[in-house]
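# Secondary and tertiary structure notes
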Amino acid sequence: MPSKEPPFWIGDREFCSRDLDLIVSTVHRFRSLSCTELAATICENLPWKAPNGRLKIHSCLLLLDQLQAGGLLTLPGKRAWTVGAQAERVGEAPPRVEVRVRLQEILPVRVELVRPEGQAAWTAMMATEHPLGYRRAFGAHQRYWVWGQVRGAAQILGGLLFAAAAKALAARDEWIGWTAEVRQRNLYRIVANSRYLLRPGVQVPHLASHVLGLALRRLGADWRIRYGFTPVLAETFIEAPWAGTCYRAANWVYVGETAGRGRQDRHTRRAETVKQIWIYPLASDCRQQLLAPAPRARAGVMADGGLDT
């Protein structure tokens, strides 16, 4: 949660007292709007946009929820708005596939974007076949299919999901050299491989590391096209009984273990399984980029691009 006292950072944007006053006054004045409409109005007026020009509505909804939890405002509606309340539509998973061959026999393997019309099938596959199941991804994320040639026909062999990074990881943050303030400002430049599935019937040696390499080679460009910026570091978590063998083979780096807390557990009340933390630099100078200082405002211009009148 951002500090109640400005200035505070969310991603690459710093919020000052004037920004917070605008948010609170907008919520108070437009009580008839839904939370999403409020977020869109606030993003337009701040302004608060992604590098590709899209309003950062989801980030604003998260901020509104946090400000309400801190007692700074009251959102409209009979029940409190909660991020993640809406379920994702689940369709029918792709047909099962059984393949036990050498990697060379299913080439070319392709990692391709999941288009909107395929998202329900992708979700069904992950929900039913991934050991951890699947919960809806919020914020910036990208789904992928894994395709291979099986007996002369293209077949879906699995899928991947890249999404928001963990808010704080001591081992990762130490590797980067982050302070809490720099982490809050630059965290958006890390993406997490939060789901990776090779389907239960797929037994192909070396396929897992091969797929990771294909995915990472296209991830930066796909993210830039969709969100207007390029991530510089990827992370993932491995828990027993898995050992992270395919990540090691794909040149990911083990940096330590989690503290055994959930990503939303701010008060250390809920224990979770300790997981290995693996990272992969997507840029040779990823540390330098993740340690970049805050952008300096030009004389007469606010850091968010608005005129300092």
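Everything below is about the structure printed above this text.
Here goes a summary of the coordinates provided. (Residues numbered from 1 in each chain as written. Predicted model: local features only at pLDDT ≥ 70, side-chain atom pairs only at ≥ 80, totals over all residues. Heavy atoms only, no water.)

## Observations regarding the environment of Arg102
- Locating Arg102 in the fold gives a position in the loop between helix H3 (57-69) and strand E3 (110-113).
- A sequence separation of 101 residues divides Arg102 from Gln203, and the C-alpha atoms of the two residues are 8.7 Å apart. (Helix = DSSP H or I, 4+ residues; strand = E, 2+ residues; numbered from the N terminus.)

## With respect to unusual backbone geometry
- In this structure, the amide linkage connecting Leu107 to the following residue, Pro108, adopts the cis form with an omega of 0°.
- Of note, Pro108 is situated in the loop between H3 and E3.
- The residue after Ala240, namely Pro241, is reached through a cis peptide bond having omega 10°.
- Within the element layout of this structure, Pro241 appears in the loop between strand E7 (233-238) and helix H8 (245-249).
- Unlike most non-glycine residues, His206 shows phi in positive territory, near 75°.
- The residue His206 is located in the loop between strand E6 (190-198) and helix H7 (207-227) in this model.
- One non-glycine residue, Asn251, lies in the positive phi region at around 75°.
- Tracing the backbone through its elements, the reader meets Asn251 in the loop between H8 and strand E8 (253-257).
- Owing to a relative accessible area of 58%, Asn251 belongs among the exposed residues under this scheme. (Buried < 20%, exposed > 50% of the residue type's maximum accessible area, 1.4 Å probe, protein only.)

## Describing the pairing of strand E5 (residues 153-164)
- With nine bridges joining them, strand E4 (residues 142-150) and E5 adopt antiparallel strand pairing. Residue Gln149 lies in a different strand from E5, and its bridge partner there is Ala154.
- Taking the residues that link successive antiparallel strands as the turn, the E4-E5 hairpin has two residues, and the phi of Arg151 there is positive, at about 50°.
- In the sheet, E5 pairs with E6 via seven bridges, with the strands oriented antiparallel. (Pairing = 2+ DSSP bridges.)

## Points about helix H1 (residues 17-29)
- A rise of 1.5 Å per residue sets the reference length of H1, with its 13 residues, at 18 Å; its end C-alpha atoms lie 18 Å apart and thus fit the reference within 8%.
- Residues of H1 that are buried: Asp19, Leu20, Ile23, Thr26 and Val27. What you see down the axis of H1 is that its buried residues fit within an arc of 130°, all on one side. H1 presents Asp21, His28 and Arg29 as exposed residues on the side facing more than 90 degrees away from its buried surface.
- Its buried side turned inward, H1 meets strand E2 (13-15), helix H2 (35-45) and H3. (Expected span 1.5 Å × (residues − 1). Arc of directions from axis to C-beta. Contact = heavy atoms within 4.5 Å.)

## Some details on H2
- Buried within H2 are the following residues: Cys35, Leu38, Ala39, Ile42 and Cys43. The arc that holds every buried residue of H2, seen down its axis, measures 130°, which confines them to one face.
- On its buried face, H2 is in contact with H1 and H3.

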